[in-house]
Amino acid sequence: MSGEPEFRSGFVAILGRPNVGKSTLLNALVGQKIAITSPVAQTTRNRLRGILTLPQGQIILVDTPGIHKPHHRLGEILVKNAQTLVRAVDLVLFLVDGSQPAGGGDQFIAEWLARQKTPVLLGLNKQDVVPAEQAEAITASYQALLPTAPLLRFSALTGQGLAELPSQLLPWLPPGPCYYPPEMVTDQPERFIMAELIREQILHLTREEVPHAVAVVVDRVEETPQITRIFATIVVERPSQKAIIIGHQGQMLKTIGTQARQEMQKLVSGPVYLELFVKVEPKWRQTPHLLRDLGYRLES
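Novice: Where do I start with the pairing of strand 1 (residues 8–15) in this structure?
Specialist: If a strand is regular, its side chains alternate between the two faces of the sheet. Among the 8 residues in strand 1, 7 count as buried, and that is most of the element. Pairing geometry for strand 1 and strand 3 (residues 57–63), over 7 bridges, is parallel. Across the sheet, residue Ser 9 finds its bridge partner in strand 3, namely Gln 58. Alignment of strand 1 against strand 4 (residues 91–97), held across 4 bridges, turns out to be parallel. By the bridge assignment for strand 4, Ile 14 is matched with Leu 93.

Novice: Help me out: how do you make sense of helix 8 (residues 251–268) in this one?
Specialist: Think of an α-helix as 3.6 residues a turn; residues three or four steps apart then line up on the same face. Taking 1.5 Å of rise per residue, the 18 residues of helix 8 would be expected to cover 26 Å, and the 25 Å separating its terminal C-alpha atoms lies within 8% of that figure. Among all positions of helix 8, only Leu 253, Ile 256, Gly 257, Ala 260, Glu 263, Met 264 and Leu 267 are buried. Looking at the buried residues of helix 8, the elements they touch are helix 6 (190–205), strand 8 (228–236), helix 7 (239–246) and strand 9 (272–280). Ser 269 occupies a position one or two residues after helix 8 and carries a positive phi of about 55°.

Novice: How should unusual backbone geometry be read in this particular structure?
Specialist: Keep in mind that most residues, glycine aside, have a negative phi and that most peptide bonds are trans. Phi at Asn 19 takes a positive value of approximately 65°, unusual for a residue other than glycine. Topologically, Asn 19 is positioned in the loop between strand 1 and helix 1 (22–30). Overall, Asn 19 belongs to the partly exposed group, its relative accessible area being 37%. Phi at Lys 283 takes a positive value of approximately 55°, unusual for a residue other than glycine. Along the chain, Lys 283 falls in the loop between strand 9 and helix 9 (288–293). With relative accessibility at 59%, the residue Lys 283 sits in the exposed group.

Novice: Explain the pattern of salt bridges to me, please; I cannot follow it from the model alone.
Specialist: Opposite charge on two side chains allows them to pair when their charged atoms are near. Applying the stated rule across the entire model yields 9 salt bridges. Between Asp 187 and Arg 49 there is a salt bridge whose closest N-O contact spans 3.4 Å. Here Asp 187, found in the loop between helix 5 (165–169) and helix 6, pairs with Arg 49, found in strand 2 (residues 48–54); they are 138 residues apart in sequence, far enough to count as distant. Judged by relative accessible area, which is 29%, Asp 187 ranks as partly exposed. Residue Arg 49 is classed as partly exposed on the basis of its relative accessible area of 25%. Between Glu 222 and Arg 220 there is a salt bridge whose closest N-O contact spans 2.8 Å. The exposure class assigned to Arg 220 is partly exposed, which follows from its relative accessible area of 38%. Salt bridges here are not isolated pairs; linked through shared partners, they connect Lys 33, Glu 200, Glu 263 and Lys 266.

About the thresholds
- Residues numbered from 1 in each chain as written.
- Predicted model: local features only at pLDDT ≥ 70, side-chain atom pairs only at ≥ 80, totals over all residues.
- Heavy atoms only, no water.
- Buried < 20%, exposed > 50% of the residue type's maximum accessible area, 1.4 Å probe, protein only.
- Helix = DSSP H or I, 4+ residues; strand = E, 2+ residues; numbered from the N terminus.
- Pairing = 2+ DSSP bridges.
- Expected span 1.5 Å × (residues − 1).
- Contact = heavy atoms within 4.5 Å.
- Salt bridge = Lys/Arg side-chain N within 4 Å of Asp/Glu carboxyl O.

See below:
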């Protein structure tokens, strides 16, 4: 009988408030940019899986939208899907901003998680910027929320403590198969990531009015040995938002396209031609059939 440990595999949901670093952590763990990051809340919309394969097992990390009080139909769908996901995974990594004390949003999530059967680990992110004199009090504020949850410390941004994280997650997963080929880092199609890279630049570059009202659809991809041509549509809700996206004499749209193209060239490992169109779909975030057309899952 072999003395080697069993291969373990399973699904780990990364859950937390908006802007605690969920997408940054996912990218850091898989070693490649597959999730967009932005200071704008609710950056993550679609369920995104990152795949980390080790000699001892395979961890499928599921990035979720930040849990918050929803203000429109899309927000309701995102929060409901994140909550439904928790019941289906093997483990929850409850990610918090460990540089500041727990707040009401953290308490809301912790109370909900305490009622679930899924095991929970508490991940204190942003340890690179924790004020030394407050570290003990901050830690205590989170431990009080989930006293029995093991506590992990790291910084997704700098990599501090991340080398140990996979080995801390694996023991919580059941013995199982390698669900994905070892070379895969995500199960999302390339077109999805291309659309997200465009949306990321819009989140970074446009005014507060625009980001939440934007969706991106990649209409066509033409690949040749020399270049990858990508044609995509940016969907907004109002003509005023379309004007902001296009900008004076088309400058904003040009900047969005240039910066997104630079990220896409890393994705496809070669030259990219990117053409963007802008379309107005009034109240698309409130309209079920438009949400479906734009790729959002209305039920889990």
